[in-house]
Amino acid sequence: PDLFDDLIRIHHPDRHTRLAILEERLKDIPFEDDRMLNDLALRTHRYTTKELSRLCRSLRKVDDLYSKDLPKGQRATFTRVMLERLMSDFTPVDDLDFDKYVHVFEDALPSDIKVLNE
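Here's what I pulled together on the structure shown here. (Residues numbered from 1 in each chain as written. Predicted model: local features only at pLDDT ≥ 70, side-chain atom pairs only at ≥ 80, totals over all residues. Heavy atoms only, no water.)

Looking at a positive patch on the surface
Moving on, step 1. A cluster of basic residues, R25, K50, R54 and R57, forms a positive patch on the protein surface.
Moving on, step 2. With three residues, the top contributor of residues to the positive patch is helix α3 (residues 49-67).
Moving on, step 3. With respect to the secondary-structure elements, R57 resides in helix α3.
Moving on, step 4. Residue R57 is classed as exposed on the basis of its relative accessible area, which comes to 54%. (Patch = residues over 30% accessible without salt bridge, like charges linked within 9 Å, V, L, I, M, F, W, Y side chains within 5 Å. Areas by Shrake-Rupley, 256 points an atom, 1.4 Å probe, with all protein chains shown as cover. Salt bridge = Lys/Arg side-chain N within 4 Å of Asp/Glu carboxyl O. Lys, Arg positive; Asp, Glu negative; His and termini not counted. Charge placed at Lys NZ, Arg CZ, Asp CG, Glu CD. Helix = DSSP H or I, 4+ residues; strand = E, 2+ residues; numbered from the N terminus. Buried < 20%, exposed > 50% of the residue type's maximum accessible area, 1.4 Å probe, protein only.)

Here's what the structure looks like:
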């Protein structure tokens, strides 16, 4: 205690990081338009990494459902309409929920570590 005072900031991922996460986790899903992932990265500007992961899982689940009727090895093409329908169910965590998660995180830390909230 008191030997090191580190300030650890946890931010929402920036647009480039969100795009990289989306590209990595959705790389085998064909999209109707090459710009859809970039548009999705812009739309998710208040999303945490956990929320992006949840969104990617949902996109994969929808794609799996649509791909069931296709020949083996083929993937359904994700359209803008499918994306709009799915996105209507997703919103970023509001500030109250985010604060609740921060407090749960802080409470789980050892007593010699302190977190400064700005």
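After that view, the rundown keeps rolling.
Quick look at the side chain of E51
Moving on, step 1. Inspection of the secondary structure puts E51 in helix α3.
Moving on, step 2. No salt bridge forms around the buried E51; measuring N to O, its nearest opposite-charge neighbour R54 is 5.6 Å away.
Moving on, step 3. Here T48 takes part through its backbone nitrogen, which lies 2.7 Å from a polar atom of the side chain of E51. (Polar contact = N/O pair within 3.5 Å; in protein donor to acceptor, adjacent residues only side chain to side chain.)

Things to note about the nonpolar core
Moving on, step 1. Counting 22 residues, the largest nonpolar core has L22, L26, L59 and F78 as the members making the most contacts within it.
Moving on, step 2. Put simply, the parts of the chain that give this core at least two residues each are α1 (15-25), α2 (36-43), α3 and α4 (80-87).
Moving on, step 3. Ranked by residue count, the leading element in this core is α3, at five residues.
Moving on, step 4. Sequence-distant contacts of L22, that is, excluding residues within four places in its chain, are made with L37, L40, A41, L52 and C56. (Core = buried A, V, L, I, M, F, W, Y, C linked by side-chain atoms within 4.5 Å. Contact = heavy atoms within 4.5 Å.)

Details of α1
Moving on, step 1. All of the buried residues in α1 are R18, L19, I21 and L22. Each buried residue of α1 lies within a common arc of 160 degrees when the element is viewed along its axis, so the set occupies one face. (Arc of directions from axis to C-beta.)

A look at the pattern of salt bridges
Moving on, step 1. Applying the stated criterion across every chain yields a total of eight salt bridges.
Moving on, step 2. Between D28 and R60 there is a salt bridge, with its nearest N and O atoms 2.5 Å apart. Here the residue D28 occupies a position in the loop between α1 and α2, and R60 occupies one in helix α3, the gap between them amounting to 32 residues.
Moving on, step 3. D63 is the partner of R75 in a salt bridge, and the nearest nitrogen-oxygen pair spans 2.5 Å.

Details of the environment of T17
Moving on, step 1. Structurally, T17 is set in helix α1.
Moving on, step 2. As a C-alpha pair, T17 and T49 span 32 residues in sequence and 9.4 Å in three-dimensional space.

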